[in-house]
Amino acid sequence: MNILFFGPNGSGKGTQGALMKQKFNLAHIESGAIFREHIGKGTELGRQAKAYIDRGDLVPDAITIPMVLETLKHNGAKGWLLDGFPRNVFQAEKLWEAMQASGFTLDYVVEILLPRETAGKRIMGRRICEADTNHPNNIHIAPIQPENGRCRVCGCKLSARSDDQDEKAVNKRHDIYYDDKNGTLAAARFFKVLAAQGKCRYIEVDGEGDISAVKEKLLTELA
Ligand code: AMP
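Note that this is a predicted model, so its numbers are computed, not measured.

Draft legend 1. Summary view of the site of the ligand. Neighbouring the ligand are 16 residues; Ser31, Arg36, Asp57, Gly84 and Arg87 lie closest to it. One of the side-chain nitrogen or oxygen atoms of arginine 36 is found 2.9 Å away from an oxygen atom of the ligand. The separation between a nitrogen atom of the ligand and a polar main-chain atom of valine 59 is 3.0 Å. Summarising the interface, the protein chains cover 96% of the accessible area of the ligand, which totals 480 Å² for the free molecule. A per-element tally of the shell around the ligand places helix α2 (residues 31-41) first, with four residues. Broken down by class, the residue content of the shell around the ligand amounts to five nonpolar, six polar and five charged.

Draft legend 2. Molecular detail of the sheet that holds strand β1 (residues 3-6). The strand order across the open sheet formed by five strands is β2-β3-β1-β4-β7, and the pairing between neighbours is parallel. At either end of the open sheet lies a strand with only one pairing partner, and these are β2 (27-30) and β7 (201-206). Shown here is a sheet whose adjacent strand axes are inclined to one another by a mean of 20°, direction ignored. In terms of strand pairing, β1 meets strand β4 (residues 108-113) through four bridges, oriented parallel. Each bridged residue has a counterpart across the sheet, and for phenylalanine 6 the counterpart in β4 is glutamate 111.

How each quantity is defined
- Residues numbered from 1 in each chain as written.
- Predicted model: local features only at pLDDT ≥ 70, side-chain atom pairs only at ≥ 80, totals over all residues.
- Heavy atoms only, no water.
- Near = heavy atom within 4 Å.
- Polar contact = N/O pair within 3.5 Å; in protein donor to acceptor, adjacent residues only side chain to side chain.
- Areas by Shrake-Rupley, 256 points an atom, 1.4 Å probe, with all protein chains shown as cover.
- Helix = DSSP H or I, 4+ residues; strand = E, 2+ residues; numbered from the N terminus.
- Nonpolar A, V, L, I, M, F, W, Y, C, P; charged D, E, K, R; others polar.
- Pairing = 2+ DSSP bridges.
- Axes fitted to C-alpha atoms, helices over the stretch in contact; angles between N-to-C directions.

Set out below in structure tokens:
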């Protein structure tokens, strides 16, 4: 099963992606996480991407597209859930071309719907567990608040991503996401049109619900 996951930063996309990955035994491919791994390892790609990420800008397509398509190729056999890509129409077109060329099917496209204001508040409250980035912790969401300042799942140390705490960078990321002309919502619409042609199923989920409500809805739709 191959799934594309759309949702603004702060919509719980990463959390739900991790749950779906577990449930359906998929490779969870997150473009942002791949970049952070490169930055952590000090690779040339990471060095090139860092300034864009710190500002909340998109990393140029010439760097991002080959990196993601290469990762998909390596995970083709297992089935994947792709999160954070595509973020503009050009990336959507290139992804669809590559999928057709390599014979990948696209089973589902999921869009988590969340108003921009709510997404902004959530993103600034997000805390990252040192041991496992999939452990959900957010100081603004009651059911997943950290415990005594530490990860609510495993008790490890938490930190905040610097691009989550920079209001300007958060705004820029949301400008890109909510842009339905050329940005990420436009990329999502590209797949909505394909869904209307019967080429995949498009599922919209209300992201205002709590984690388990969103999860249940997804499990029902993806079954
Ligand atoms: P995320 O973890 O999804 O919030 O991504 C963090 C940052 O990585 C973004 O703000 C961008 O700078 C960069 N990034 C992630 N995915 C993409 C993409 N598909 N295209 C361009 N830049 C990306």
